[in-house]
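# Geometric and topological summary
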Protein chains: 2
Amino acid sequence: MTPQPLPLPATASATVVSLRSRAFGRRGGMAMQRGSRRVALRPRYGTGPVVAEVGYLWCGAPDAPTVIVQGGISACRDVVSLEEGEPAGWWQELVGAGRAIDLECCRVLSIDWLAPESLGVGAVSSEDQADALAALLEELGIGRAHAFIGSSYGAMVALAFAARHPQAVDRLVLLAGAHRPHPLATAQRSVQRSIVRLGQQSGNVDEALALARQLAMTTYRGSEEFARRFEHAPELRDGRFRFPVEDYLDHAGKRFVERFDAERFLALSESIDLHDVAPEQVAVPATLIGFPSDRLVPLADLCELQRRLRGVATLEVVDSPYGHDAFLKETRKLAPLLRAALA
Amino acid sequence: MTPQPLPLPATASATVVSLRSRAFGRRGGMAMQRGSRRVALRPRYGTGPVVAEVGYLWCGAPDAPTVIVQGGISACRDVVSLEEGEPAGWWQELVGAGRAIDLECCRVLSIDWLAPESLGVGAVSSEDQADALAALLEELGIGRAHAFIGSSYGAMVALAFAARHPQAVDRLVLLAGAHRPHPLATAQRSVQRSIVRLGQQSGNVDEALALARQLAMTTYRGSEEFARRFEHAPELRDGRFRFPVEDYLDHAGKRFVERFDAERFLALSESIDLHDVAPEQVAVPATLIGFPSDRLVPLADLCELQRRLRGVATLEVVDSPYGHDAFLKETRKLAPLLRAALA
């Protein structure tokens, strides 16, 4: 994973450097690659071209058009799992044979987000992620994706991708993500990062990362959902009052620490706040999907994005009690919208 | 401030115990007492009656009706300052001769919130604050207040007061506070308290308390307000990106640490979450004032409170970009509503 400065001319910054596939499977007419490739890019906050290893999943009908699917900062390339007995992918209900993102008609491509250490830089940008995806498309011989479906940070990266590589994608589908973060959401993430940094200083990284995640959960989930699930009296436990929502938050914090790293969290959280793409630079047709209960990415910001995009853009508003996480929870309501956008 | 168990019969739990006034002033026909009294009460989470010292301010036209005014957990009794050269009170623009709460026609009474240590208990309730106020009314010979104007936690205490001491108040004015906390707000405060407790464990109390306050600020202020004030690009400073909102949050956190104590914060924050008054128990007429941009106390909760109160209740909805803090910021819009409620 060590970055290697590469003496490439600027025009070759997306050139394939090496190929190492870790997995290749075939199940009932589906092809699956789960591997990594080394790609060259020029990080926004770097001093020149570097080579980075990108972990990816590419699966679906062989030779079918490719659809890029990217989620939030804590999502990985495992959008879907095709192996029995493996944990489900993070969008398992929407991706598969006959599902909204139909693996009999398309192939899904997704990457693990790059972190600054793999680029040899201090900060990673949504543009870096976009450039890595563009380089990977070329490396895999895809050339042009049928669509880029991005949710949350994935939507930000999709916009950066369309602004920088308009020839590489036919259509955008952007869920709960916009051209810039809302300043209130930046404030909330800033506090999360400060909690983690305080934990690093005082040797309580795990506890601090768990608390940052607890705070994040209060911004992801809907207000109505909290009201419905946690409206009960507190219990006196271990000498202090415990409120019903605290067990939920504790659990979410601990689970996150088991699967996530503090430095990676700091970098990807910051990357959201550094994101800033002028919608006027994006001419690729787009379907925007927003949720009125999303307090992290207010619907007003998607309205502004729609108004300012240079290409044709439609905005679909999906009612949900689940706030920002509606992109993960409202699979039934999202399915027809995704089908229509991909048709 | 050491609590003293007092062998009083239950019926005498509001008996005056002693009197020590620290200040008495008179300015242009106004009387001012800023002192403390010892009052007896039975704390909700205690085992029997105790005596606690209550710091209070009582000022206005001599012999005029008394209006109790209480603010949020970080507010003190200094609703208004009548001395030249002293810092302004937290509702200075609304309280004074000729102002909405007109000190030529009434006297304002306000207390410093009780903390658990002054009651010898582990947790303090909104009922305890209400009982202390009721005991103080009796101690000062007021008997019955013309109104109880409570904002935020102060509104919760006002409801507890009206439920427990209906004979002691003619009218309630409740701003941005309801019969119970919203579970999402409880979640946000729970994370704040966990930050402070983690800081206490690791010897970083001040930094942790400042971070908890930063988080609180993200819940107090309006989303629109953040968008308008902090929509600028970050600066690279001291080796990392600084977002404009971070300077604001840092400043707010540091200022809070200078004037507030971690234990007091933990107790009063928890007291909000322990608050639970059945509106059906409150027959005192009430004016509710809510702000659609208040994410901490959603307007829907004030609608529910209005519907369930036993007495006549009106709900005034005040548009504001300032969120929960509109009760502090929208003095011009609040003035006529307060005048009408007190008339």
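## Some details on the pattern of salt bridges
Tallied over the entire structure, the rule returns 40 salt bridges over all chains. A salt bridge links Arg237(A) to Glu235(A), with the nearest nitrogen and oxygen atoms 3.4 Å apart. Relative accessible area serves as the criterion here: at 30%, Arg237(A) is assigned to the partly exposed category. The salt bridge involving Asp273(B) is made with Arg193(B); its shortest N-O contact spans 2.7 Å. With Asp273(B) in helix α8 (residues 262-274) and Arg193(B) in helix α4 (residues 183-202), the pair connects residues that are 80 residues apart, well separated along the chain. For the pair Asp273(B) and Arg193(B), a shared accessibility class is recorded, and that class is buried. Residues participating in the shared-partner salt-bridge network are Glu235(A), Arg237(A), Arg242(A), Asp247(A) and Asp250(A).

## What to know about the interface of chain B and chain A
Facing 40 residues of chain B, the contacting portion of chain A comprises 40 residues. When residues of chain B are sorted by the area they lose upon contact with chain A, Leu184(B), Phe241(B) and Phe243(B) head the list and together hold 16% of the total. Counting every contact that joins chain B to chain A gives two salt bridges. Summed over the shared surface of chain B and chain A, the result is six residue pairs in polar contact (both at pLDDT 80 or more). Residue assignment for the side of chain B that touches chain A shows that the elements contributing at least two residues are α4, α5 (205-220), α6 (223-230), β12 (240-242), α7 (244-259) and α8 of chain B. Of all the elements, α4(B) adds the most residues to the side of chain B that touches chain A, at 13 residues.

## A few points about the relation of the copies chain B and chain A
Between the two copies, chain B and chain A, the superposition gives an RMSD of 0.0 Å; the rotation angle is 180° and the shift along the axis is 0.0 Å. A rotation of that kind, with that shift, is consistent with a two-fold axis. Using C-alpha coordinates, one finds that chain B approaches the rotation axis most closely at Ser202(B), a distance of 3.1 Å. Looking at chain B, 100% of its interface residues are interface residues in chain A too, so the copies touch through the same face.

## Notes on the pairing of strand β9 (residues 147-151) of chain A
Residues and elements named next belong to chain A. In terms of burial, β9 is largely enclosed, as five of its five residues are buried. Every second residue of β9 is oriented toward a common face, with Ala 147, Ile 149 and Ser 151 on one face and Phe 148 and Gly 150 on the other, all of them buried. Here strand β5 (residues 66-70) runs beside β9; their pairing, made up of four bridges, is parallel. By the bridge assignment for β9, Gln 70 is matched with Gly 150. Bridging between β9 and strand β10 (residues 172-175) involves four bridges; their strand directions are parallel. The partner of Ile 149 across the bridge, within β10, is Val 173. Each parallel crossover has a hand, and the one from β9 via helix α3 (residues 153-164) to β10 is right-handed.

## Overview of unusual backbone geometry
Non-glycine residue Asp238(A) carries a positive phi angle of around 50°. Along the chain, Asp238(A) falls in the loop between β11 (235-237) and β12 (240-242). Under the relative-accessibility criterion, Asp238(A) is labelled exposed at 80%. Even without a glycine there, the phi angle at Ala176(B) is positive, about 50°. Residue classification places Ala176(B) among the buried residues on the basis of a relative accessible area of 2%.

## Section: the nonpolar core
Counting 162 residues, the largest nonpolar core has Phe161(A), Leu172(A), Phe161(B) and Leu172(B) as its most contacted members. In this structure, Leu172(B) is in contact with Phe148(B), Ala158(B), Leu159(B), Ala162(B), Val282(B), Val284(B), Pro285(B), Ala286(B) and Thr287(B), ignoring residues within four places of it in sequence.

## A short note on the pairing of β5(A)
Residue and element names in this part refer to chain A. Most of β5 is tucked away, with five of its five residues classed as buried. Side chains of β5 alternate between two faces, with Thr 66, Ile 68 and Gln 70 and Val 67 and Val 69 buried alike. Across three bridges, the pairing between β5 and strand β8 (residues 107-111) is parallel. Residue Thr 66 lies in a different strand from β8, and its bridge partner there is Arg 107.

## Structural notes on the packing of helix α2 (residues 126-139) of chain A against α3(A)
Residues and elements named next belong to chain A. Two elements in contact, α2 and α3, have axes separated by 8 Å at closest approach and are oriented at 65°. Between α2 and α3, the interaxial angle falls into the category roughly perpendicular. Note that α2 runs across α3; the crossing there is right-handed. Across the interface between the two elements, Ser 126, Glu 127, Gln 129, Ala 130, Asp 131, Leu 133, Ala 134 and Leu 137 from α2 touch Tyr 153, Met 156, Val 157, Ala 160, Phe 161 and Arg 164 from α3.

## As for the environment of Gly55(A)
All names here are of chain A. Following the sequence through the fold, Gly 55 ends up in strand β4 (residues 50-60). Under the relative-accessibility criterion, Gly 55 is labelled buried at 14%. As for Gly 55 and Pro 244, which are separated by 189 residues in sequence, their C-alpha atoms are 39 Å apart. Among all residues touching Gly 55, those that are not within four sequence positions of it are Gly 35, Ser 36, Arg 77, Ser 110, Ile 111 and Asp 112.

## Overview of α4(B)
Helix length check: α4(B) (20 residues) gives 28 Å between terminal C-alpha atoms against 28 Å at 1.5 Å per residue, within 8%. Directly beyond the C-terminal end of α4(B), a positive phi value near 75° is found at Gly203(B).

## What about helix α7 (residues 244-259) of chain A?
Listed as buried for α7(A) are Val245(A), Glu246(A), Tyr248(A), Leu249(A), Ala252(A), Gly253(A) and Phe256(A). Seen from one end, α7(A) has its buried residues packed into an arc of 160°, which puts them on one side. Of the exposed residues in α7(A), those oriented more than 90 degrees away from the buried face are Lys254(A), Arg255(A) and Glu258(A). On its buried side, α7(A) packs onto α5 (205-220), α6 (223-230), β12 and α8 (262-274) of chain A together with α4 of chain B.

## Thoughts on the side chain of Thr218(A)
By the secondary structure assignment, Thr218(A) is in helix α5. There is a polar contact of 2.6 Å between the side chain of Thr218(A) and the backbone oxygen of Leu215(A).

## Details of the domain arrangement of chain A
Residues and elements named next belong to chain A. Per the domain assignment, the segments making up chain A are domain 1 (14-180 + 278-342) and domain 2 (183-272). Domain 1 puts 24 residues into the contact, and the matching count from domain 2 is 26 residues. For the domain 1 and domain 2 pair, buried surface summed over both sides reaches about 1900 Å², with 54% attributable to carbon and sulfur atoms. When residues of domain 1 are sorted by the area they lose upon contact with domain 2, Ile 73, Arg 295 and Leu 296 head the list and together hold 34% of the total. Counting across the interface, domain 1 meets domain 2 through one salt bridge. With a shortest N-O distance of 2.8 Å, Asp 325 and Arg 221 are connected by a salt bridge. The tally of links between domain 1 and domain 2 comes to nine residue pairs in polar contact (both at pLDDT 80 or more).

Rules and cut-offs
Throughout, residues of each chain are indexed from 1 in the direction in which the sequence is written. In the order they appear in the text, chains get letters beginning with A and ligands get numbers beginning with 1. Local features in this predicted model are restricted to residues of pLDDT 70 or higher, and side-chain atom pairs are both shown and tallied only at a pLDDT of 80 or more, whereas totals for entire chains, interfaces and linings draw on every residue. Hydrogens and water are ignored here; the side-chain numbers use all heavy atoms of the structure. The term salt bridge refers to a side-chain nitrogen of Lys or Arg lying within 4 Å of a carboxyl oxygen of Asp or Glu. Note on exposure labels: buried denotes an accessible area under 20% of the residue type's maximum, exposed denotes more than 50%, and partly exposed covers the range between, all computed with a 1.4 Å probe on protein chains only. Runs of E in the DSSP output that reach at least two residues are strands. Runs of H or I that reach at least four are helices, and both are numbered from the N terminus. Any two residues having at least one pair of non-hydrogen atoms within 4.5 Å are treated as being in contact. Two parts placed together each lose some accessible area under a 1.4 Å probe, and adding up what both lose gives the buried area. Under the rule applied, a polar contact is a pair of N or O atoms within 3.5 Å (in protein, one hydrogen donor and one hydrogen acceptor; residues adjacent in sequence only if both atoms are side-chain atoms). Copy-to-copy superposition: least squares on the C-alpha atoms, limited to residues that have pLDDT of at least 70 in both copies. Only strands joined by at least two bridges in the DSSP assignment are considered to pair. The definition of a right-handed crossover adopted here requires that, viewed with the strands pointing away, the path from the first strand over the helix to the second runs clockwise. Residue types Ala, Val, Leu, Ile, Met, Phe, Trp, Tyr and Cys, when buried and joined through side-chain atoms within 4.5 Å, form a set referred to as a nonpolar core. Note on geometry: axes are C-alpha line fits, over the in-contact stretch for helices, and angles between N-to-C directions span 0 to 180 degrees. By the definition adopted for this analysis, an angle is roughly parallel if under 35 degrees, roughly antiparallel if over 145, roughly perpendicular if from 65 to 115, and oblique otherwise. Here is the rule for handedness: rotate from the far helix to the near one, and if that takes an anticlockwise turn smaller than a right angle the crossing is left-handed, while a clockwise turn gives right-handed. The length a helix should cover is 1.5 Å for every residue beyond the first. By construction, the arc corresponds to the directions joining the helix axis to the C-beta atoms. Where each domain starts and ends comes from a domain assignment, either automatic or drawn from a database.

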